[in-house]
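Architecture and fold: a report
Take a look at the letters that make up each chain.
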Amino acid sequence: MTRDAGPVRWLTLNRPHRLNALTADSYRALRAALVAADGDEAVAVVVLTGAGRAFCAGADLTELPGTDRGRLVADFEALVLALAGLAKPLVAGVRGPAVGLGMTMLLHCDLVVVAESARLRAPFTELGTVPEAMSSVLLPRAVGAQRAAELLFTSRWLSSAEAVEYGLAIRRCPDADLDAVTGELAARIAAFPAPAVAATKRLLRAGPAEPAAAPRPGIERAGIQIARAVLRRELAEGAALNSRLGR
């Protein structure tokens with residue numbers, strides 16, 4: 001779901017009945033929305049949020065078995081590359097669970113605001129697969145090697161307070177204030193000259209050593225692992241996790 005508030009483009013994941021879990025169609029729709037926002041001169045900042053009580057519960061594992069795995073990997077990779085390559089600032093407003101890709105896509109956001117109810121989790125080891133969406137590269141950069149290892153090895157929940165403490169979010173606020181706080185932050189950025197903001201983002205993303213394109217082989221390796229997981233017992237384990245999460 002897309003709406004504009006002046007120069008700020010809001011993209012809302014809108015499957016609240018499934019905690020905004022993503023399907024192959026969702027991958028394509030979100031990528032298309034990101035590309036459209038990046039190419040629209042009237043848009044200065046993009047905000048990503050979720051409808052209902054969750055930000056995003058990751059991949060909808062109940063729909064993966066019927067999906068062509070080659071297409072799934074291609075759509076997944078295209079979405080990750082769109083997130084990684086977005087030229088405009090990307091701000092996330094997170095309430096409730098952010099699981100799997102729901103968490104790892106936050107690593108591609110320039111700023112993240114979390115509601116008090118926000119909970120983050122990277123459940124890949126529990127599912128018998130590996131970190132995706134470049135998170136094995138981006139998470140250690142964001143929180144440090146040991147904290148990243150602990151989060152990825154244990155698949156534990158990270159509270160909203162910890163998300164701010166670890167540097168995964170810039171601000172924590174009451175749930176009722178999330179949209180206002182996120183929107184105010186996005187509008188403040190949008191008020192400045194867009195070329196200067198975009199150039200600043202490029203400099204920040206380039207980092208001290210590797211160009212932004214360097215992690216691409218990691219995306220491809222992760223995509224292969226995801227395709228394999230479709231064929232293996234992890235889908236049953238994923239269904240059990242879905243049940244525990246109340247999806």
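Described below are features of the structure shown in this document.

Criteria and cut-off values
Throughout this description, residue numbers start from 1 for each chain and increase along the sequence as written. Totals for whole chains, interfaces and linings use every residue, but because this is a predicted model, local features are given only for residues with pLDDT of at least 70 and side-chain atom pairs only at 80 or more, for both listing and counting. The side-chain values count all of the structure's non-hydrogen atoms but skip hydrogen atoms and water molecules. Burial classes follow relative accessibility: with a 1.4 Å probe on protein chains only, a residue under 20% of its type's maximum area counts as buried, one over 50% as exposed, and anything between as partly exposed. The way it works is that DSSP assigns letters per residue, a run of H or I at least four long becomes a helix, a run of E at least two long becomes a strand, and they are numbered from the N terminus. Any two strands are treated as partners once DSSP identifies two or more bridges connecting them. Between 30 and 60 degrees the pair is tilted, below 30 it is stacked and above 60 it is edge-to-face, where a pair is any two Phe, Tyr or Trp rings, Trp via its six-membered ring, whose centres lie within 6.5 Å. Counted as over-ring charges are cases with an Arg CZ or a Lys NZ within 6 Å of the ring centre that also lie within 35 degrees of the ring normal. We call a set of buried Ala, Val, Leu, Ile, Met, Phe, Trp, Tyr and Cys residues a nonpolar core when their side-chain atoms join them within 4.5 Å. In this description, contact between two residues means that some pair of their heavy atoms is separated by no more than 4.5 Å. Residue count minus one, scaled by 1.5 Å, sets the expected span of a helix. In the analysis that follows, any N or O atom pair within 3.5 Å is treated as a polar contact, provided that within protein one partner can donate a hydrogen and the other can accept it, and provided that, for residues neighboring in sequence, both atoms belong to side chains. Here a salt bridge means any side-chain nitrogen of Lys or Arg lying within 4 Å of a carboxyl oxygen belonging to Asp or Glu. In this analysis, axes come from line fits to C-alpha atoms, helices being fitted only over the stretch in contact, and the angle between any two N-to-C directions falls in the range 0 to 180 degrees. Throughout this description, any angle smaller than 35 degrees is read as roughly parallel, any larger than 145 degrees as roughly antiparallel, any in the 65 to 115 degree range as roughly perpendicular, and the remainder as oblique. If you view the pair so one helix is near and one far, a crossing is left-handed when the near helix is turned anticlockwise from the far one by less than a right angle, and right-handed when it is turned clockwise. Under the scheme applied here, ten amino acids are nonpolar (Ala, Val, Leu, Ile, Met, Phe, Trp, Tyr, Cys and Pro), four are charged (Asp, Glu, Lys and Arg), and all others, including Gly, are polar.

Time to look at the pairing of strand 6 (residues 111-115). Of all 5 residues in strand 6, 4 are buried, a share of seventy percent or more. Relative to strand 6, strand 4 (residues 90-94) runs parallel, the two sharing 4 bridges. Of the residues in strand 6, the one forming a bridge with V94 is V114. Of the strand pairs in this sheet, strand 6 and strand 9 (residues 171-173) are connected by 3 bridges, and their pairing is parallel. The partner of V114 across the bridge, within strand 9, is R172.

Two numbers describe a pair of aromatic rings. These are the distance of the centres and the angle of the planes. With the rule as written, the count across this model stands at 1 aromatic pair. Aromatic pair Y27 and F76: ring centres 5.8 Å apart, planes at 65°, arrangement edge-to-face. Here Y27, found in helix 1 (residues 24-39), pairs with F76, found in helix 2 (residues 69-85); they are 49 residues apart in sequence, far enough to count as distant. Residue class for F76 comes out buried when judged on its relative accessible area of 3%. If you follow R3 out to its NZ or CZ, it ends over the ring of W10, 4.5 Å from the centre. The residue whose ring lies beneath R119 is W157, and the NZ or CZ to ring-centre distance is 4.0 Å.

On to the nonpolar core, then. In terms of nonpolar packing, the biggest core is built from 50 residues, with L34, V94, M105, L106, L139 and L168 touching the most fellow members. Once you skip the residues sitting within four places of it in the chain, L34 turns out to touch L11, V46, L79, A82, L83, L86 and L90. Membership of the second largest hydrophobic core comes to 16 residues, among which are A44, V47, L178 and A186.

This part takes up helix 2. The first and last C-alpha atoms of helix 2 sit 24 Å apart over 17 residues, in line with the 24 Å expected at 1.5 Å per residue. Turning to helix 2, its buried residues number three or more, namely L72, V73, D75, F76, E77, L79, V80, A82 and L83.

With that out of the way, let us pick up helix 8 (residues 178-190). Helix length check: helix 8, at 13 residues, gives a terminal C-alpha distance of 18 Å against a target of 18 Å (1.5 Å per residue), a fit within 8%. Within the span of helix 8, buried status applies to L178, V181, T182, G183, L185, A186, I189 and A190. Each element contacted by the buried residues of helix 8 is listed here: strand 2 (8-13), strand 3 (45-50), strand 4, strand 6, strand 9 and helix 9 (194-206).

On to the environment of T154, then. Secondary-structure assignment places T154 in helix 6 (residues 145-154). The exposure class of T154 is partly exposed, given its relative accessible area of 44%. Taking the C-alpha atoms as reference points, T154 and P123, separated by 31 residues in sequence, lie 8.0 Å from one another. Aside from chain neighbours lying at most four places away, what touches T154 is T125 and A149. One polar contact links the side chain of T154 to the main-chain carbonyl oxygen of E150, over a distance of 2.7 Å.

Within the secondary structure, D75 is located in helix 2. Excluding its chain neighbours within four sequence positions, the residues that come into contact with D75 are A24, Y27 and R28.

Here we come to the pattern of salt bridges. Counted according to the given criterion, the structure contains 14 salt bridges. The partner of D25 in a salt bridge is R28, and the shortest N-O contact between them spans 2.2 Å. Remark: R28 and D25 occur in helix 1; sequence separation between them is 3 residues, near one turn of the helix. Of the charged contacts in the structure, one is a salt bridge between E162 and R156, with a shortest N-O distance of 3.3 Å.

Let us look at the pairing of strand 1 (residues 2-5). By the bridge criterion, 4 bridges tie strand 1 to strand 2 in an arrangement that is antiparallel. Across the sheet, residue D4 finds its bridge partner in strand 2, namely R9. Hairpin connection between strand 1 and strand 2: a loop of 2 residues separates the two successive antiparallel strands, and G6 in this loop has a positive phi of roughly 65°.

This part is about the packing of helix 1 against helix 2. Between helix 1 and helix 2, the least distance of the axes is 9 Å, while the angle of their chain directions is 30°. One finds that helix 1 runs roughly parallel with respect to helix 2. Classified by chirality, the crossing of helix 2 by helix 1 is left-handed. Listed contacts from helix 2 to A24, Y27, R28, L30, R31, L34 and D38 of helix 1 are R71, L72, D75, F76, A78, L79, A82, L83 and G85. Along the lines of polarity and charge, the residues of the contact of helix 1 with helix 2 split into 10 nonpolar, 1 polar and 5 charged.

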